[in-house]
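Structural features, examined
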Amino acid sequence: MTAVAAPPRARAGAVAVALRSWLARRLLLGVAQTAAVVLLVFALTEALPGDAAVALAGDQPDPARIAAIRTELGLDRPAAERFTDWLLGLLRGDLGTSLASGRPVATYLADGFGPTLLLATITVVLLVPAGVGLGVLAARRAGSLADRLVSSTTLAVYAVPEFALGVLLVTLFALRLGWLPPTAVGFGGNLLAHPAVLVLPVLVLLSRPVCSISRLVRAGMIDALRSPYVRQATRYGLSTARVRYLHALPNALAPAAQQLARTVDWLLCGVIVVEALFVIPGLGTVLMNAVAERDVPVVQGLAVVFGVIAVVLNLGADLVARRLAPRAGVAA
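Residues numbered from 1 in each chain as written. Predicted model: local features only at pLDDT ≥ 70, side-chain atom pairs only at ≥ 80, totals over all residues. Heavy atoms only, no water.

Some details on the packing of aromatic side chains
- Going through the model one piece at a time under the given rule, you end up with four aromatic pairs.
- Measuring from centroid to centroid gives 6.3 Å for Phe83 and Trp86, while their planes differ by 50°, and the two rings are tilted. Highlighted residues: Phe83 and Trp86, both in helix α4 (residues 79-91), separated by three residues, approximately one helical turn. Like Trp86, Phe83 is buried.
- Three or more aromatic residues link up through ring pairs in this structure, and these residues are Phe42, Phe83 and Trp86.
- Sitting above the plane of the Tyr108 ring, Arg103 keeps its charged end 4.5 Å from the centroid.
- Over the ring of Tyr158 we find Arg208; its NZ or CZ atom is 4.3 Å from the centre of that ring. (Phe/Tyr/Trp six-rings, centres within 6.5 Å; stacked < 30°, edge-to-face > 60°. Helix = DSSP H or I, 4+ residues; strand = E, 2+ residues; numbered from the N terminus. Buried < 20%, exposed > 50% of the residue type's maximum accessible area, 1.4 Å probe, protein only. Lys NZ or Arg CZ within 6 Å of the ring centre and 35° of its normal.)

Examining empty space enclosed by the protein
- Under the defined criterion, the tally for this structure stands at one cavity of 30 Å³ or more.
- Residue lining of the largest cavity: Thr116, Leu119, Ala120, Leu205, Leu267, Val271, Val274 and Glu275, and that is the complete set.
- Elements with a minimum of two residues in the lining of the largest cavity: α5 (105-140) and α11 (272-277).
- Take the lining of the largest cavity: its biggest share by element is three residues, from α5. (1 Å grid on protein atoms, 1.4 Å probe; cavity = no way out; pocket = protein on both sides within 12 Å on 5 of 7 lines; lining within 4 Å. Points joined across faces, edges and corners; volume = space filled by probe spheres on them.)

Examining the nonpolar core
- In terms of nonpolar packing, the biggest core is built from 38 residues, with Leu191, Leu200, Met221 and Phe278 touching the most fellow members.
- Breaking this core down by element, the ones donating at least two residues are α5, α7 (162-176), α8 (196-225) and α10 (240-268).
- Broken down by element, this core gets its largest block of residues, 13 residues, from α8.
- In contact with Leu200, other than residues within four places in its own chain, are Leu169, Val170, Phe173, Ala174, Leu180, Pro181 and Phe278.
- Of all hydrophobic cores here, the second largest spans 19 residues; its members include Phe42, Leu283, Ala290 and Leu302. (Core = buried A, V, L, I, M, F, W, Y, C linked by side-chain atoms within 4.5 Å. Contact = heavy atoms within 4.5 Å.)

Thoughts on unusual backbone geometry
- With phi around 55°, Val279 is a residue other than glycine that occupies positive phi space.
- Here Val279 shows up in the loop between α11 and α12 (283-292).

A look at the pattern of salt bridges
- Under the counting rule described, the total for this entry stands at three salt bridges.
- Measuring nitrogen to oxygen at the nearest pair gives 2.7 Å for the salt bridge that ties Arg218 to Asp147. With Arg218 in helix α8 and Asp147 in helix α6 (residues 145-158), the pair connects residues that are 71 residues apart, well separated along the chain.
- A relative accessible area of 24% places Arg218 in the partly exposed class. (Salt bridge = Lys/Arg side-chain N within 4 Å of Asp/Glu carboxyl O.)

Overview of the packing of α5 against α8
- The contact between α5 and α8 brings their axes to 7 Å, and the two run at 35°. The way α5 lies across α8 gives a crossing that is right-handed. (Axes fitted to C-alpha atoms, helices over the stretch in contact; angles between N-to-C directions. Left-handed = near helix turned anticlockwise from the far one by under 90°.)

Brief notes about a nonpolar patch on the surface
- Side chains of Leu23, Leu27 and Leu319 sit close together on the surface and give an oily, nonpolar patch of about 220 Å² of accessible area.
- Tracing the chain through its elements places Leu27 in helix α1 (residues 8-46).
- For Leu27, a relative accessible area of 43% translates into the label partly exposed. (Patch = residues over 30% accessible without salt bridge, like charges linked within 9 Å, V, L, I, M, F, W, Y side chains within 5 Å. Areas by Shrake-Rupley, 256 points an atom, 1.4 Å probe, with all protein chains shown as cover.)

Focus: the side chain of Ser212
- With respect to the helices and strands, the residue Ser212 is situated in helix α8.
- Excluding residues within four positions of it along the chain, Ser212 makes contact with Tyr158 and Gln259.

Points about the packing of α6 against α8
- Across the interface, α6 lies against α8 with an axial gap of 8 Å and an inter-helix angle of 140°. With respect to their mutual orientation, α6 and α8 come out oblique. Note that α6 runs across α8; the crossing there is left-handed. Where α6 approaches α8, its residues Asp147, Ser151, Thr154, Leu155, Val157 and Tyr158 are matched on the opposing element by Ser207, Arg208, Cys211, Ser212, Ser214, Arg215 and Arg218.
- Residues belonging to the contact of α6 with α8 are distributed by class as follows: four nonpolar, five polar and four charged. (Parallel < 35°, antiparallel > 145°, perpendicular 65-115°, else oblique. Nonpolar A, V, L, I, M, F, W, Y, C, P; charged D, E, K, R; others polar.)

Laid out in structure tokens, this is it:
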């Protein structure tokens, strides 16, 4: 008995129901991940060594002064009570107040977000065409000298840590040749007004993501070009360029989109090594200073924001990957 294919409208309805079901599950997972992040952040900051009251009391702390500071800041209250108050504040949009300065944690975010966002934006704008372009070039010429050159170069660059590459670039282009400034010291907070300051940090930030994305695109492109649906499209007489870029490339971009989301998360959440090396006052530097001062509310607030950014970016990457390659059903 011959099976009768479902009509197009029925198939479209089934696809829409499946998409809504998947999206609902993914949103619930995102909520659960966010709750886990909040709980984990509080637990880990509670486990940090040292005492904020001792740090605030000075070099020669008096026990009475330490006790007074703990009482004033509420550090003598039970952890469960402090967690409940902190969680209620988060639900109201209040990230807390710095123990060291008394400023709202949101102001620390506002101070550090600008430089970090600027670096992340420039890096992503350059990363997408460079990573996809290198991957497509290597896939088009798979097995050739160009493919081997791209693959070996990206592997070698990926193996170099950001700190070592940054030191090498500073030594060559700043100290030896004098073409670029070694750090952002003396240029103020408006880095965009001094684009030369951004060149070396962006090159360091680009180095590893370009390698990983280009290799993912290359592998995905080669697999897609060998797939049955691409061979079928070729048999239908479609041009090579159309088959390559309208049929194979979207499927190759699905895993690269997820890697790009992780890269953006890495950039926005403060690249501490790069910001410390080039003395850039971004979120990574703010977090590093807060940890050094044992400023728990700032650490907690930044960590929660970083965690929520990661959850949102991964959800967006899943949506993009599912849109590009619905057959794969990939998820970050």
